[in-house]
Amino acid sequence: MELPVASDGVDLAAYRPRVPLSVPNGKETPVRFNESGYYHCYGDRNSVASHGSVAQTGYETLDTPPHYDFYANSEAWGRRRRFRPSLYQLYANPGDDSRPPMYEETTGEQMEGGDSSEEDEDRQKDPPPEPTRFGWVQGVMIRCMLNIWGVILYLRLPWITAQAGIGLTWVIILLSSLITGITGLSTSAIATNGKVKGGGTYFLISRSLGPELGGSIGLIFAFANAVAVAMHTVGFAETVTDLMRENGAVMVDRTNDIRIIGIITVTCLLGISMAGMAWESKAQILFFLVIMVSFASYIVGTIIPASPQKQAKGFFSYKADIFAANFVPCWRGPEGSFFGMFSIFFPSATGILAGANISGDLKNPTVAIPRGTLMAIFWTTISYLIISATIGSCVVRDASGILNDTLSSSSSSETCVGTACQYGWDFSECIKNSTCTYGISNFYQSMGMVSAFAPLITAGIFGATLSSALACLVSAPKVFQCLCKDKLYPLIGFFGKGYGKNDEPLRAYLLTYIIAACFILIAELNTIAPIISNFFLCSYSLINFSCFHASITNSPGWRPSFRFYSKWLSLLGAVCCVVIMFLLTWWAALIAFGVVFFLLGYTLYKKLVGLNNVEDHVKNYRPQCLVLTGPPSSRPALVDLVSCFTKSLSLMMCGNVIIVMSSDSHVTWLNQRKVKSFYRGVVATELRSGVSMLLQGAGLGRIKPNVLLMGFKTDWCSDTPQAAHNYIGILNDAFDLQYGVCMLRIREGLDISQPSQAHVNQGFDGAPDSINTTSAPACIQTSITCIVCKPSTVFQKKQGKKTIDIYWLSDDGGLTLLLPYLLTRRKRWARCKVRVFVGGDTDKKEEQKEEVLALIKKFRLGFHDVEVLPDIYQNPQPGNVHQFENMVGRFRLDTNPKLDSDSGPPRQQEEPWMITDQDLERNKAKTHRQIRLNEVLQDYSREAALIVITMPVGRRGVCPSTLFLAWLDFLSRDLRPPVLLVRGNQENVLTFYCQ
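Identification of the protein as Solute carrier family 12 member 3 from Lates calcarifer is taken from an unreviewed UniProt entry. In its Subcellular location (unreviewed entry) section, the UniProt entry covering the protein states "Cell membrane". UniProt lists a comment for the protein under the heading Sequence similarities (unreviewed entry), and it reads "Belongs to the SLC12A transporter family."

In structure tokens, the structure reads:
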């Protein structure tokens, strides 16, 4: 390939990457790379792609800037999806036809994904049909409010007010709302920890706490929703039966009439739900409007003066004496206790997850679920408080309903019993005989009696009960379907099959219908409600615990965009739920937790048995660090930096290559420095072979390092070329083993040990490769590892309001962003401002900035400062180019074709670190890029607390090791802040999904 050459060098603008974050539907003109099909230039006449080459020479880079497609799980319609190049494709010799090393996990899709034919593109001319999606109002808030405003609101809240009094009823309502509010905050945090798909509650818990706990609670929650269908349907059937009895229509008896009407009703609801989400959502809106009209009718009814008929039934409009009498409790019957009333009321507050349960049908679940759920909890709590206060201020507890029970002049007011005596009514006889049929203690339909137009309350009961039943009938199958698809438990996979464009779980609908029908046969609302309470409380306790667990473990994958939650508040919510469960019904609580622990034990056993088949997941990624410290006490800055990433979070292992075995106490030094790290020493004749042993043998099973950290070799120019070659060889070995690699350089150097011990290999950082036998300082002689010396490093100091500058120039899977994020979670770095720098074009600077900001926002890292740097593509200053040439001058190889032909094998094969003129010419663009980047770092990051920059990659057989080391040296030279060069293993460590 002929490179564009300026008069004094290479024009870097010709090598500017042209990969936009979003590409319209059209044809691209990619550079062709025979082994892969990855592209780095698209249709620009100034790019390398425009020079007419038909094969990739390997002198350019396949390294690509950040791109949305690299992290997306799905392909956008109308354009071909791009794939990030693998490590092997970046650094392998393009002339080497061998396959990737055995450690390389490159899928066939990646290797062939870029070669899709035009026939495939033309095959699908029309976009696929979009399934029905809902916003936060219709999809979450209205759905949750309808599910909360269930049968209890109309048929039991007045009765609970009579039993507990207005004061304790408010306590019951507020306690229920406290539990659901805390659970709503926890749910919001979990739901915003990435893009949410279908599966609702089960999906949220299983993807945050693991499928083991999520599976057990998901099964219980689905069952609780199925039983809730029965509860709401029985409430509806109870109302219909009472209306029939008022008009003299009786089929069998009250209980059997409720059963018959309930079965017919749930069958009709099944037909609506199976018709699809669009029909179900339209029905929900209709129910919502009906309920709002019924509320208005009730409020107006409390204001209208009471007629004699209503007074006979206990309604006297707003009276202070009635409020005072009804403010205190009056317990009656077997349920007459605070927790008895709580167990009956609590199911009316359990609809808060109705929106989350259809997360797969929401347009933007991460916004809709928090906003809709919390608004629903707020407004329904207000409505419960208002209704309990108003009904308790207007209606007495006991009334006969007989118009003749007035207080006559002949009867004595002293013998009259009850608050109604003050208003000219005498209900003493029915109160004494406990035969009163009206009043809020006896008449479940009191809200209808109070309202301005009773049929509207009946319509509201129908709307509330049917909408809640419908919401539960939709939620239970959705949760159960997701559970079935994960195949956690045997024999349930049959119910996971979906149908239609919305993947409707018709089989799970039928199962829910059967469960609901069985509980409808109980036909007693006060019996069904406490059963549901325990299961919902169990669900809420585990949702809160999952939020607490994810927060307290400091998982890197736990980055919710919803900030208004507290891990301790979540723990309080979990504990409250458990305590209340046992206070309500201790044996039911034991059964519920027994089922949870049985299912949990089964899933853990199944996971343990199949542990070798469990794949690592990006959501659970943690940087497990192997740190080439030598004796840890000799490089405390490297130890302190890595400790900031891994402390109380993940694995840290200090590695040391030893020439001669000796007794040491490195672990003691680590413990005294309060660094949580393992120490691993290996005996080897030279550094590279020893590090190779560490790379392959460190860790146990899946608990093994995945990131290699090492210090920069500052003395490579004065050391032997073989030492520099072996140093770069360590990087290549790490890449072969799919490690991410980080390299730290600080201005004062990492190695604080003066002439070091004879038994330590000197190749780690800036020391001769030969063995030094000089005696150690006195403090080192005492304990070999200088335990008494505890020098402070920059990574132990509070950084204040400085900046952490990230130069995210190439996409390596996200490790370049993740490590600074973990650093900012430490107190001493928390106040630092993170700035992200990316390359770009001058004329599209703002557009590219918004695109990168949108991508980073999806990762939920909290980075808001992005700067596009077009000047990184300018040519470097000639003086700096000259300094670079002097730096590598020692390793230049003067090629003479005559001598080469006469002297057998070329000298470069014997000394692969030597640099030919052809090597310099081929790599001139990359060389100038590193020189220019150093100039940019000097301009923008001179006062930063830390510079994190993507490490370039040199190709084997194309870039000699000394030339590559010169790139790294010049890129990071003469900088006051520490410089961390990072190169991930090209696999995602960040995701914007909730799984």
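After presenting the structure, the write-up continues.
Novice: In this structure, what is going on with the overall build of the protein? I would like to understand it.
Specialist: Check the secondary structure of the protein and you find 34 helices and 12 strands. When contacts within the protein are restricted to residue pairs at least 6 apart in sequence, those whose partners lie at least 24 apart make up 80%. Total accessible area computed for the protein in this model is approximately 40,300 Å², and 57% of it derives from carbon and sulfur atoms.

Novice: Please clarify how the confidence of the model for the protein should be interpreted in this entry.
Specialist: Low-pLDDT stretches of the model should not have their predicted coordinates read in fine detail. Residues with a pLDDT of 70 or more make up 79% of the protein, whose mean pLDDT is 79. Within the model, the stretch residues 18-59 combines pLDDT values under 50 with 108 contacts to residues more than four positions away or in other chains. Every residue in residues 755-763 scores below 50 in pLDDT, and together they form 35 contacts with partners more than four places removed in sequence or on other chains.

Novice: Where do I start with the nonpolar core in this structure?
Specialist: One recurring pattern in soluble globular proteins is that nonpolar side chains are buried together. Counting 131 residues, the largest nonpolar core has Tyr154 and Tyr540 as the members making the most contacts within it. In terms of residues, this core owes the most to one element, helix H8 (residues 211-246), which gives 16 residues. Ignoring sequence-local partners within four residues, the contact set of Tyr154 consists of Ile291, Ser294, Phe295, Tyr444, Met447, Ile457, Gly460, Ile461 and Ala464. Counting 64 residues, the second-largest nonpolar core is a separate cluster that includes Met653, Ala734, Leu920 and Leu937.

Novice: How do you make sense of the state of the cysteines when you look at a structure like this?
Specialist: Linking two cysteines covalently through their sulfur atoms gives a disulfide. Within this structure, the stated rule accounts for two disulfides. Through a disulfide, Cys430 is tied to Cys436; the S-S separation comes to 1.9 Å. On the sign convention where negative means left-handed, the S-S torsion of about 80° between Cys430 and Cys436 marks this disulfide as right-handed. Just as Cys430 is buried, Cys436 falls in that class too.

Novice: Can you walk me through the environment of Glu987 in this structure?
Specialist: Counting through the fold element by element, Glu987 comes out in the segment after strand E12 (979-983). Taking the relative accessible area as the measure of exposure, Glu987 reaches 31% and is therefore partly exposed. Taking the C-alpha atoms as reference points, Glu987 and Gln738, 249 residues apart in sequence, are found 9.1 Å from one another.

Novice: It is not clear to me how the pattern of salt bridges should be interpreted in this structure. Could you clarify?
Specialist: If the charged atoms of two oppositely charged side chains come close together, the side chains can form a pair. Enumeration over the complete set of coordinates arrives at 18 salt bridges. Note that Lys713 is salt-bridged to Asp719, the shortest N-O span being 2.9 Å. Look at Lys713 and you get buried, because its relative accessible area is 1%. Here Asp719 falls in the buried class, since its relative accessible area comes to 7%. Lys924 is the salt-bridge partner of Glu921, the closest N and O atoms lying 3.2 Å from each other.

Novice: Looking at this structure, how should I read helix H17 (residues 454-485)?
Specialist: Within an α-helix, residues lying three or four positions from one another point in the same direction, as the helix has 3.6 residues per turn. Compared with an ideal rise of 1.5 Å per residue, which puts 32 residues at 46 Å, H17 spans 47 Å between its outermost C-alpha atoms and is within 8% of the ideal. When you tally the buried positions in H17, you get 26 out of 32 residues, the bulk of the element. Looking one or two residues past H17, Lys487 carries a phi angle of roughly 55°, positive in sign.

Novice: Teacher, can you tell me more about the packing of helix H24 (residues 687-697) against helix H25 (residues 721-736) here?
Specialist: For any two helices packed against each other, the geometry is given by the interaxial angle and the distance between the axes. The contact between H24 and H25 brings their axes to 9 Å, and the two run at 20°. Relative to H25, the element H24 is oriented roughly parallel. As H24 packs across H25, the resulting crossing turns out to be right-handed. Here H24 contributes Leu687, Arg688, Val691 and Leu695 to the contact with H25, which in turn contributes Asn726, Gly729, Ile730, Asp733 and Ala734. For the contact of H24 with H25, a count of residues per class yields five nonpolar, two polar and two charged.

Novice: Would you take a moment to explain the packing of aromatic side chains for this structure?
Specialist: Centre-to-centre distance and the angle between the planes together describe a pair of aromatic rings. Throughout the structure, instances matching the rule amount to 33 aromatic pairs. When the ring of Trp149 is compared with that of Phe288, the centres are 6.3 Å apart and the planes differ by 25°; the resulting orientation is stacked. Note that Trp149 is positioned in the loop between helix H4 (136-148) and helix H5 (151-155) and Phe288 in helix H10 (residues 277-303), a separation of 139 residues in sequence. No difference in accessibility class separates Trp149 from Phe288, as the two residues are buried. Seen from their ring centres, Phe223 and Phe519 are 5.9 Å apart, and the 75° between their planes marks the pair as edge-to-face. Separated by 296 residues along the polypeptide, Phe223 in helix H8 and Phe519 in helix H18 (residues 506-520) bring together distant segments of the chain. Owing to a relative accessible area of 18%, Phe519 belongs among the buried residues under this scheme. Aromatic ring contacts, followed pair by pair, group Phe221, Phe342, Phe346, Phe536 and Tyr540 into a single cluster. Arg156 extends its terminal NZ or CZ atom over the ring of Tyr444, reaching a point 3.7 Å from the ring centre. Its end group placed over the ring of Tyr499, Lys497 keeps NZ or CZ at 5.3 Å from the ring centre.

Novice: Quick question: what am I supposed to make of the pairing of strand E10 (residues 865-869) here?
Specialist: Where strand E9 (residues 833-839) and E10 come together, five bridges link them in parallel fashion. Residue pairing in the sheet places Phe837 in a bridge with Glu867 of E10. Since E9 and E10 lie parallel, the crossover through helix H28 (residues 845-859) that links them has a hand, and here it is right-handed.

Novice: What exactly am I supposed to notice about unusual backbone geometry here?
Specialist: Across the chain, the bulk of peptide bonds are trans and the bulk of non-glycine residues have phi less than zero. Of note, the phi angle at Ser434 is positive, near 55°, even though the residue is not glycine. Located in the positive-phi region is Lys674, a residue other than glycine, with phi close to 60°. Here Lys674 shows up in the loop between helix H23 (666-672) and strand E5 (678-683). For Lys674, a relative accessible area of 67% corresponds to the exposed category.

The rules behind each value
- Residues numbered from 1 in each chain as written.
- Predicted model: local features only at pLDDT ≥ 70, side-chain atom pairs only at ≥ 80, totals over all residues.
- Heavy atoms only, no water.
- UniProt positions renumbered as here; feature names shortened; annotations may be inferred.
- Helix = DSSP H or I, 4+ residues; strand = E, 2+ residues; numbered from the N terminus.
- Contact = heavy atoms within 4.5 Å.
- Areas by Shrake-Rupley, 256 points an atom, 1.4 Å probe, with all protein chains shown as cover.
- pLDDT = per-residue confidence, 0-100.
- Core = buried A, V, L, I, M, F, W, Y, C linked by side-chain atoms within 4.5 Å.
- Buried < 20%, exposed > 50% of the residue type's maximum accessible area, 1.4 Å probe, protein only.
- Disulfide = S-S within 2.5 Å.
- Salt bridge = Lys/Arg side-chain N within 4 Å of Asp/Glu carboxyl O.
- Expected span 1.5 Å × (residues − 1).
- Axes fitted to C-alpha atoms, helices over the stretch in contact; angles between N-to-C directions.
- Parallel < 35°, antiparallel > 145°, perpendicular 65-115°, else oblique.
- Left-handed = near helix turned anticlockwise from the far one by under 90°.
- Nonpolar A, V, L, I, M, F, W, Y, C, P; charged D, E, K, R; others polar.
- Phe/Tyr/Trp six-rings, centres within 6.5 Å; stacked < 30°, edge-to-face > 60°.
- Lys NZ or Arg CZ within 6 Å of the ring centre and 35° of its normal.
- Pairing = 2+ DSSP bridges.
- Right-handed = clockwise from strand over helix to strand, strands pointing away.

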